[in-house]
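So you can see what is in the structure, the chains are spelled out below.
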Amino acid sequence: MGFQISEATEAIKEVGPSLNNAIDFILNACSSRNEDGTSNGCSKKVTRKRDFSVTGKKSVGRMRQLSIMDHLQSAGKVNKTCHESDTSASRAKELPFQEPIGIVTGIGLSYSKEEDVGPDWEVKANALLQKHFGFASLKRFQKEALAAWIAHKDCLVLAATGSGKSLCFQIPALLTGKVVVVISPLISLMHDQCLKLARHGVSACFLGSGQIDHSVEEKSMRGMYGIIYVCPETILRLIKPLQSLAESRGIALFAIDEVHCVSKWGHDFRPDYRRLSALRDNFSAKKLSFLKFDIPIMALTATATTRVREDIIKSLQMSEDPKIVLTSFFRPNLRFSVKHSKTYSSSYERDFRELIETYTRNQKYSKKNILNEINNNWLGCTEETASSESDDDDAITLPTKTSKRKQLSVEYLEDDSDLFLDVDDFDVTCGEFDGSSSTKDLDVCASSIQQVEQGSTIIYVPTRKDTLTIAKYLSTCGVKAAAYHAKLPKSHLRQVHKEFHENTVQVVVATIAFGMGIDKLDVRRIIHYGWPQSLEAYYQEAGRAGRDGKLADCVLYANLSRMPSLLPNKRSEEQTRQAYKMLSDCFRYAIRTCRCRAQMLVQYFGEDFSHETCHLCDICIKGPPEKQDLKDEARILMGLIAAHYDKRSYEEGSYDDDYKHNRRQTWMEMPNVRMFVSKIREQYEQHAATDLLWWRGLVRILEDKGYLREGDDKTHVQIKFPEPTKLGLEFLRSMSEEVFYVWPEADMLLSQTMPKSYSSFSEWGKGWAHPQIRKQRLLAKPRKRKLQRHFHSATVRGRLAAKLSK
Ligand SMILES: Nc1ncnc2c1ncn2[C@@H]1O[C@H](COP(=O)(O)OP(=O)(O)OP(=O)(O)O)[C@@H](O)[C@H]1O
Ligand SMILES: [Mg+2]
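What you see is a predicted model; the values in this text were computed from it and never measured.

Thresholds applied
Residues numbered from 1 in each chain as written. Chains lettered and ligands numbered in written order. Predicted model: local features only at pLDDT ≥ 70, side-chain atom pairs only at ≥ 80, totals over all residues. Heavy atoms only, no water. Near = heavy atom within 4 Å. Polar contact = N/O pair within 3.5 Å; in protein donor to acceptor, adjacent residues only side chain to side chain. Areas by Shrake-Rupley, 256 points an atom, 1.4 Å probe, with all protein chains shown as cover. Nonpolar A, V, L, I, M, F, W, Y, C, P; charged D, E, K, R; others polar. Helix = DSSP H or I, 4+ residues; strand = E, 2+ residues; numbered from the N terminus. Expected span 1.5 Å × (residues − 1). Buried < 20%, exposed > 50% of the residue type's maximum accessible area, 1.4 Å probe, protein only. Pairing = 2+ DSSP bridges. Axes fitted to C-alpha atoms, helices over the stretch in contact; angles between N-to-C directions. Phe/Tyr/Trp six-rings, centres within 6.5 Å; stacked < 30°, edge-to-face > 60°. Lys NZ or Arg CZ within 6 Å of the ring centre and 35° of its normal. Parallel < 35°, antiparallel > 145°, perpendicular 65-115°, else oblique. Left-handed = near helix turned anticlockwise from the far one by under 90°. Contact = heavy atoms within 4.5 Å. Salt bridge = Lys/Arg side-chain N within 4 Å of Asp/Glu carboxyl O. Core = buried A, V, L, I, M, F, W, Y, C linked by side-chain atoms within 4.5 Å.

### What about the site of ligand 1?
Here comes step 1: Neighbouring residues of ligand 1: 18 residues in total, closest Thr161, Gly162, Lys165, Ser166 and Arg547.
Here comes step 2: Here Ser137 contributes a backbone N or O atom positioned 3.0 Å from a nitrogen atom of ligand 1.
Here comes step 3: A distance of 2.8 Å separates an oxygen atom of ligand 1 from a polar atom in the backbone of Gly162.
Here comes step 4: Out of a free accessible area of 640 Å², ligand 1 has 80% covered by protein chains.
Here comes step 5: Of the residues that constitute the shell around ligand 1, the class distribution is 5 nonpolar, 8 polar and 5 charged.

Right, dumping it as structure tokens:
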């Protein structure tokens, strides 16, 4: 859509210099001409205008006019091109989860140069913000990011989830009329963002495998969209056309959203993000003579540790002194807690009791209702399946896969690879608010005991199968729950999104696929049911709670008696090492008992925690456990470990940490924690029945103090092969009289409360011969074991056995 100059001139002649009147005049003139049957370039625009009036969406029409006026105001002149428009924006308003589309809402106007933005850019930006988005003013960090862009500087924006990072790169498109190219990792996210922008009257499109309209790419390269969302793979293919676009319409900015994907040290490394250094090479003033300055790069994320930040700046070849806009990661309205749970189906009843009560308190669920809920959530075909069920109210039969229709059983869902395969099962989102908030915002004492409002809940689980079983369980209990993972049919996912936003679905049980682009204000609970893979991922996901600033719960249910393990993924050796490191940090966050959880999280991202504590998390509320003097235990453990290594050299004080590494050759020379604990049990009667879990905790404490270190070359979640450090040996020598007070960690406390099973006794080598163990084994239920035969193809015997068994 667009206006011809002759129309604009005619309008000004008719109604005078008032811009509003001129726009109204043009729109009305186009409308009447079209009704007369005259076809002109404005026909589509008029159609849209009629659509609004028919559907009563006047506000969208109004927004469109505003966007046109913004362009007129900023550009000062009208382009001759009369661009094609579509009604996607109005459709978007009605159907927010529409098929991917290219959205043109602005008009193809010529643009002003950056230098035209002028010193009053802030006033202009606030005016545009008010007009398009209805916000009074830019946040401080948004201003800082924009100021860097105005000064042609590269900029790294680190701001929490939901703080408004998107506006930092959307405003430049409105201010200049030039194109902003946004690199984003996920098609569903780009899609959502385009729809949101359409609702605000901003022209945007996205390119990539999810774009079904193939003309969008060509149109975007002709400058028909103000904001182009693109995935890294696609932008690398489009370097040449983008250079032409930079010359014709102009590119105001390259924005790299979720930029932590650049870094191998981040939690969502994507190799294609690393290749984005091509932007600096190909869009610099050196390379393109028509450019006065390098096109600035703005990189944005909500979760980046100091190391990740450095890596981003280096990998993207950002300018030598990029502006770093940093806001606080602290979210004072989030109440963090960690609960021990095996996270098996047998734990659901206990773990979800409170959640179920929250949602069913005022509900009277008949069994039939429950059945219908299940059908809605699981079968995706309400009436048909409902009618296929028996009328017997007493019999709650969960859907089975024996039905002729293709029911949404676990197996079906897992096998159903539909269009959504294009979208990575990949999650990036971040946690933040712009740092202006403080604990004063909430009545801290009241909040610590207060129940959060009902609102919505997201339960994050590690596997796709878990999404189904938990959603099924909650539905059976009367909660309106739905499963969400990337392999579910696209229509189902859209439906879940929609119903979640409309509050028809109360709880979404999801994998990390339900992540980016979830901008719902009243998410009151984020529950992680199982170990997250990193604190970055955890904080990103938790950051989706409480975006309205009200109290929200972030609960992690994890088996604290078991070390978390890495989810299968393709990783290089280096990446595996890093992944273990991140998992280890996550594990430590959960088992710590003496530090405020918000403080741990915020400091993890390299921020100084300026508050004493958050006053909300489980540790702040319960307080740390009583300190214990573990001098004897530490002495025994350290003594055994040290004795195993070169005793003489450490007694002489000539112990060399590196020397051990070179000398060690066999596993006998590198005993693991378990072996040391077995020795302790054998040699010290008073510790005969202590749990391995407890000693592992002590090893961790000694490691934190720098007395022990990992002797293995690999990274583990916690020390596997302990080796003394020089500091540790000094500590051992000097501790004969001293006390050694420490806070026991969660797994240590847990081991003291858990009943001992025979298996833990058998570890110290007495096994069947020990009367107590024998008794326990005899009393224990016989385990049903599958008879499995493994033939080792590496051995002659194995190969022979395999042959014979055929
Ligand atoms: N200046 C502002 N004043 C008020 N609200 C704002 C402002 N800027 C942005 N917002 C609102 O903040 C919310 C979050 O915005 P946005 O999606 O850009 O966050 P984000 O930082 O990109 O989050 P995420 O890390 O999840 O991607 C939106 O609802 C947006 O409208
Ligand atoms: Mg964002």
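### Concerning helix H28 (residues 631-644)
Here comes step 1: Taking 1.5 Å of rise per residue, 14 residues should cover 20 Å, and H28 covers 20 Å from first to last C-alpha, within 8% of that figure.
Here comes step 2: Taken together, the buried positions of H28 are occupied by Lys631, Glu633, Ala634, Ile636, Leu637, Met638, Leu640, Ile641 and Ala642.

### Describing the sheet that holds strand S8 (residues 334-340)
Here comes step 1: Across the sheet, which stays open at both edges, the 6 strands sit in the order S8-S13-S12-S9-S11-S10 with parallel pairing between neighbours. Strands with a single pairing partner mark the edges of an open sheet, and in this sheet they are S8 and strand S10 (481-484). This sheet shows a mean twist of 15 degrees between the axes of neighbouring strands, independent of strand direction.
Here comes step 2: In this sheet, strand S11 (residues 507-510) lies alongside strand S9 (residues 456-460) in parallel orientation, the contact comprising 4 bridges. Within S11, the residue paired with Ile458 across the bridge is Val508.

### Overview of the packing of aromatic side chains
Here comes step 1: Enumeration according to the criterion identifies 20 aromatic pairs in this entry.
Here comes step 2: An aromatic cluster of at least three residues, connected via ring pairs, comprises Phe329, Phe336, Tyr538, Tyr539, Tyr589, Tyr604 and Phe605.
Here comes step 3: Across the ring face of Phe500, the terminal group of Lys520 is positioned such that the distance to the ring centre comes to 5.3 Å.
Here comes step 4: The lysine or arginine in question, Arg597, covers the ring of Tyr589, its NZ or CZ lying 5.4 Å from the ring centre.

### So, the packing of helix H25 (residues 573-591) against helix H26 (residues 597-604)
Here comes step 1: Here H25 crosses H26 at 160 degrees, and the two axes come no closer than 10 Å. Classed by the angle they form, the pair H25 and H26 counts as roughly antiparallel. Our pair here, H25 against H26, has a crossing hand that is right-handed. Contact residues: Met582, Asp585, Tyr589 and Ala590 in H25; Arg597, Met600, Leu601 and Tyr604 in H26.
Here comes step 2: Here the residues of the contact of H25 with H26 sort into 6 nonpolar, no polar and 2 charged.

### Concerning the pattern of salt bridges
Here comes step 1: As enumerated under the stated definition, the model contains 24 salt bridges in all.
Here comes step 2: Between Asp585 and Lys581 there is a salt bridge whose closest N-O contact spans 3.0 Å. Within this pair, Asp585 and its partner Lys581 are both found in helix H25, separated by 4 residues, close to a single helical turn.
Here comes step 3: Among the residues examined, Lys581 registers a relative accessible area of 41% and is labelled partly exposed.
Here comes step 4: Close ionic contact of Asp704 with Arg588 constitutes a salt bridge, the shortest N to O distance being 3.2 Å. Residue Asp704 is located in helix H32 (residues 692-704), and its partner Arg588 is located in helix H25; the two are separated by 116 residues in the primary sequence.
Here comes step 5: On the basis of relative accessible area, Arg588 is assigned to the buried category, the value being 12%.

### Some words on the nonpolar core
Here comes step 1: Counting 122 residues, the largest nonpolar core has Ile235, Phe254, Phe336, Ile459 and Leu474 as the members making the most contacts within it.
Here comes step 2: The biggest single contributor to this core is H25, with 8 residues.
Here comes step 3: Grouped together as the second largest cluster of nonpolar side chains are 40 residues, Cys155, Leu167, Leu174 and Phe206 included.

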